[in-house]
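The chain contents come next:
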Amino acid sequence: MPVTTQDLLTCLHRMAEVIEANREYLTALDAAIGDADHGINMDRGFKAALERLPPVEDKDAGTILKTVGVALVSTVGGAGGPLYGTAFMRAGTVLEGKYELDPQDVLAALDAALQGVVMRGRANLGDKTMVDALTPAVQALREALQNGADIADALERAASAAEQGMKDTIPMLAKKGRASYLGERSIGHQDPGATSTYLLLRVMANVAQEKRN
Amino acid sequence: MKKLINRPEDVVKEELEGIALAFPDMVKVHFAPDFIYRADAPVRGKVAVISGGGSGHEPMHGGFVGMGMLDAACPGQVFTSPTPDQMLEAAKMVDGGAGVLYIVKNYTGDVMNFEMAADMARAEGLRVLNILIDDDVAVKDSLYTAGRRGVGTTVLAEKICGAAAERGYDLRRVADLCRRVNINGRSMGMALTPCTVPMAGKPTFELGEDEMEVGIGIHGEPGRERMELKTADEITEMLALSIIEDPEYRRTVREFDEEKGEWVDVELVDPPFRPGDRVLAFVNSMGGTPDIELPIIYRKLHEICEKKGLVIVRRLIGRYITSLEMQGCSITLLRMDDEMIDLWDAPVKTPGLRWGV
Ligand SMILES: Nc1ncnc2c1ncn2[C@@H]1O[C@H](COP(=O)(O)OP(=O)(O)OP(=O)(O)O)[C@@H](O)[C@H]1O
Ligand SMILES: [Mg+2]
């Protein structure tokens, strides 16, 4: 069963719920090594994105994702705004004109999102950023699909990989973003951006799982 | 949390509404997207100087909009970078046909948002250059960090570049001057207390009665080092020597190359201070430190500069770039040449800085 734009919309609404539910958690993580705003920023952005969805709900996946991206860029602020905004816009560009997505489309969209984040923020793997969650997720998704997994299983692997990537940021020394100013003191804390990335991927996996069942 | 606010989510909006009502002769405020701009903008034929950043650093940046300084300022939420749509609309509003300079403090969020804004503005036919301010010596190694943060020198750059634009410098010259101010300015700050972001409701970090945080930025983030509280003289010496003895600082920054039509990496070098240098000494309150304590800091700074052979030719003492209600201070030293001194003295009329008018 292909992924429909209805599934995509369900996914976006659930993402907004999960971000809202984790607003304090993400902000607390950011308080430890940043400036205590990541959860607040993301929640404001996803709420704004939802408000802009109704007029494009019957449009293609690309238009829907680009609408979300533009909303995030203009409302999140901070580093998260341009990074997540670019990620959604790039994913949207790949899915232009599509109303049904096969597993390869999902992979291409997530890969484009990752490339967008890297282009904008120029972070390397191991710098303690969202790239450390997104990179292994895209890789796991690619491998799972190559090994014949269906989209639900493949996204489940991607979410697990993102979760591992998120946890792996704990011992890292931050080299990008605000956390890098702490030097050694950034060690021992989980990166807030990697955490929000994991939460979004977890939603995608859950939505795919529920659809299959 | 105890603050003179109504609802945490309305703080920035209501601040802007108040500014519009309080200073109608100097500024106007545009909402959605939010920005403060010169009441007489656009000034025909003049380069427009725009800055912006998270709110909570008042009077910077909004308080520096007006004749002889900024044409517009884009406020983000408290301690959060503003967004590209604000910067783009501000540029369109104040561009007088001679181009726009974005003065950007070096924080990941500000840098990425201003780069997106500049790309969007150029796509709409505007001429825009971005210059970064990265003067915080608390950040030692640019290889393993996002680079030095933009702090006190930003205020000085906005004044000097604003005056240059007012005098009719073209865009390239204002941008070159801004870069020159940046590489000649260095700052360092410290905190006695944390601060509370209205939307978060809790202090950004915890500090014991007998502790202080040294090497802080301006976002209530913890600094490089926590130590036992010291006297004003000892603190001043620590900050001043970190600045004066800071070695040459090299890093690459991204600037837009108009000939190539793309972003390029530019290597910049901050030369160290030397005996005989003429400097502007800037002692700044982080917000909660009262005016009675700032001269105590300046007194010691003056003595140290004399001992080190630095000649203080201009001074700025007060609350100009803050972290909400945080107690603490920062020191900035800017090596000045004749042109910078002349531009510093030029008339300025903004809510936060006014002289010569
Ligand atoms: N250069 C980068 N590349 C990729 N991700 C980054 C980069 N810099 C920061 N991040 C991510 O952004 C997260 C912080 O996002 P947040 O929305 O809190 O922005 P911020 O750093 O507070 O921005 P600002 O500097 O404007 O306040 C970090 O946890 C990290 O994952
Ligand atoms: Mg943050």
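What counts as what
- Residues numbered from 1 in each chain as written.
- Chains lettered and ligands numbered in written order.
- Predicted model: local features only at pLDDT ≥ 70, side-chain atom pairs only at ≥ 80, totals over all residues.
- Heavy atoms only, no water.
- Helix = DSSP H or I, 4+ residues; strand = E, 2+ residues; numbered from the N terminus.
- Rg over C-alpha atoms; globule rule 2.2 N^0.38 Å.
- Buried < 20%, exposed > 50% of the residue type's maximum accessible area, 1.4 Å probe, protein only.
- Contact = heavy atoms within 4.5 Å.
- Lys, Arg positive; Asp, Glu negative; His and termini not counted.
- Charge placed at Lys NZ, Arg CZ, Asp CG, Glu CD.
- Donors = N, O, S within 2.8 Å, 3.2 Å for Na, K, Ca; no water.
- Near = heavy atom within 4 Å.
- Polar contact = N/O pair within 3.5 Å; in protein donor to acceptor, adjacent residues only side chain to side chain.
- Areas by Shrake-Rupley, 256 points an atom, 1.4 Å probe, with all protein chains shown as cover.
- Phe/Tyr/Trp six-rings, centres within 6.5 Å; stacked < 30°, edge-to-face > 60°.
- Lys NZ or Arg CZ within 6 Å of the ring centre and 35° of its normal.
- Pairing = 2+ DSSP bridges.
- Axes fitted to C-alpha atoms, helices over the stretch in contact; angles between N-to-C directions.
- Salt bridge = Lys/Arg side-chain N within 4 Å of Asp/Glu carboxyl O.
- Domains from an automatic or database assignment.
- Buried area = accessible area lost by both parts, 1.4 Å probe.
- Nonpolar A, V, L, I, M, F, W, Y, C, P; charged D, E, K, R; others polar.

A few points about the overall build of chain A
At step 1: A tally of helices and strands in chain A yields nine helices and two strands.
At step 2: Ordered by position from N to C terminus, the α and β elements of chain A give β-α-α-α-α-α-β-α-α-α-α.
At step 3: Relative to its length of 213 residues, chain A is compact, with a C-alpha radius of gyration of 16 Å against a globular reference of 17 Å.
At step 4: C-alpha extents for chain A along the principal axes are approximately 50 × 40 × 30 Å.
At step 5: Burial analysis of chain A (213 residues in total) assigns 61% to the buried set.
At step 6: Intrachain contacts of chain A at a sequence separation of at least 6 include 68% that bridge at least 24 residues.
At step 7: Distance between charge centres in chain A, computed from 22 positive and 28 negative side chains, equals 5 Å.

Thoughts on the coordination of the magnesium ion (ligand 2)
All names here are of chain A.
At step 1: Coordination of the magnesium ion (ligand 2) by the protein involves Asp30 (OD), Asp35 (OD) and Asp37 (OD), with metal-donor separations of 2.0 to 2.2 Å.
At step 2: Look at where the donors of the magnesium ion (ligand 2) fall in the sequence and you get D-x4-D-x1-D. Accessibility assignment for this pair places aspartate 30 and aspartate 35 in one class, buried.

Details of the site of ligand 1
At step 1: Close to ligand 1 lie 24 residues, the nearest being Asp35, Ala79, Arg178, Asp191 and Gly193 of chain A.
At step 2: This site is not confined to one chain, since residues near ligand 1 come from chains A and B.
At step 3: Within the contact set of ligand 1, an oxygen atom lies 2.8 Å away from a backbone nitrogen or oxygen of alanine 79 of chain A.
At step 4: About the coverage of ligand 1: the protein hides 97% of its 630 Å² of free accessible area.
At step 5: Looking at the shell around ligand 1 element by element, the count peaks at three residues for helix α9 (residues 192-212) of chain A.

Description of the packing of aromatic side chains
At step 1: Counting across every chain of the model gives seven aromatic pairs over all chains.
At step 2: Measuring from ring centre to ring centre gives 6.5 Å for tyrosine 181 of chain A and tyrosine 107 of chain B, while their planes differ by 80°; the resulting arrangement is edge-to-face. Here tyrosine 107 of chain B lies in the loop between β5 (100-105) and α3 (108-123) and tyrosine 181 of chain A lies in the loop between α8 (151-168) and α9, a pairing that spans two chains. Comparing tyrosine 181 of chain A with tyrosine 107 of chain B, the two get one shared label, buried.
At step 3: Seen from the ring of phenylalanine 256 of chain B, arginine 122 of chain B lies directly overhead, with NZ or CZ sitting 3.3 Å from the centre.
At step 4: Sitting over the face of the ring of tyrosine 169 of chain B, arginine 173 of chain B holds its NZ or CZ atom 3.7 Å from the ring centroid.

A short note on the pairing of strand β10 (residues 249-257) of chain B
Working note: regular strand, side chains alternate between the two faces of the sheet.
At step 1: Of all nine residues making up β10 of chain B, seven are buried, and the element is well covered by its neighbours.
At step 2: Between the end of β10 of chain B and the start of strand β11 (residues 262-270) of chain B, which pair antiparallel, lie four residues, with glycine 261 of chain B showing a positive phi angle near 70°.

Structural notes on the sheet that holds strand β3 (residues 48-55) of chain B
All names here are of chain B.
At step 1: Read across the open sheet, the six strands follow the order β1-β2-β4-β3-β5-β6; overall the sheet is mixed. Every other strand in the sheet has two partners, leaving β1 (27-30) and β6 (128-133) as the edge strands with one partner each. Neighbouring strand axes in the sheet, compared pairwise and without regard to direction, differ in orientation by 25° on average.
At step 2: In this sheet, strand β4 (residues 72-78) lies alongside β3 in parallel orientation, the contact comprising five bridges.

Side note on the pattern of salt bridges
At step 1: Scanning the entire structure with this criterion turns up 54 salt bridges over all chains.
At step 2: With a shortest N-O distance of 2.9 Å, lysine 98 of chain A and aspartate 105 of chain A are connected by a salt bridge.
At step 3: Judged by relative accessible area, which is 29%, lysine 98 of chain A ranks as partly exposed.
At step 4: When its relative accessible area of 12% is taken as the criterion, aspartate 105 of chain A is described as buried.
At step 5: In this structure, glutamate 124 of chain B engages lysine 92 of chain B in a salt bridge whose closest nitrogen and oxygen atoms are separated by 2.9 Å. Of the two residues, glutamate 124 of chain B is situated in the loop between α3 and β6 and lysine 92 of chain B in helix α2 (residues 84-94); the sequence distance between them amounts to 32 residues.

Here's the deal with the domain arrangement of chain B
All names here are of chain B.
At step 1: Structurally, chain B comprises domain 1 (8-184 + 248-272 + 341-355) and domain 2 (188-244 + 274-335).
At step 2: A separation of 23 Å is found between the C-alpha centroids of domain 1 and domain 2.
At step 3: The interface is formed by 33 residues belonging to domain 1 together with 33 residues belonging to domain 2.
At step 4: Contact between domain 1 and domain 2 buries roughly 2,900 Å² in total, counting both sides, with carbon and sulfur atoms accounting for 66%.
At step 5: Here domain 1 is connected to domain 2 by one salt bridge.
At step 6: Of the charged contacts, one joins arginine 314 and aspartate 345 as a salt bridge, the two residues approaching to 2.7 Å between their closest N and O atoms.
At step 7: Here domain 1 and domain 2 share twelve residue pairs in polar contact (both at pLDDT 80 or more) between them.
At step 8: The element that contributes the greatest number of residues to the side of domain 1 that touches domain 2 is helix α4 (residues 153-167), accounting for four residues.
At step 9: Residues that form the side of domain 1 that touches domain 2 fall into these classes: 20 nonpolar, seven polar and six charged.

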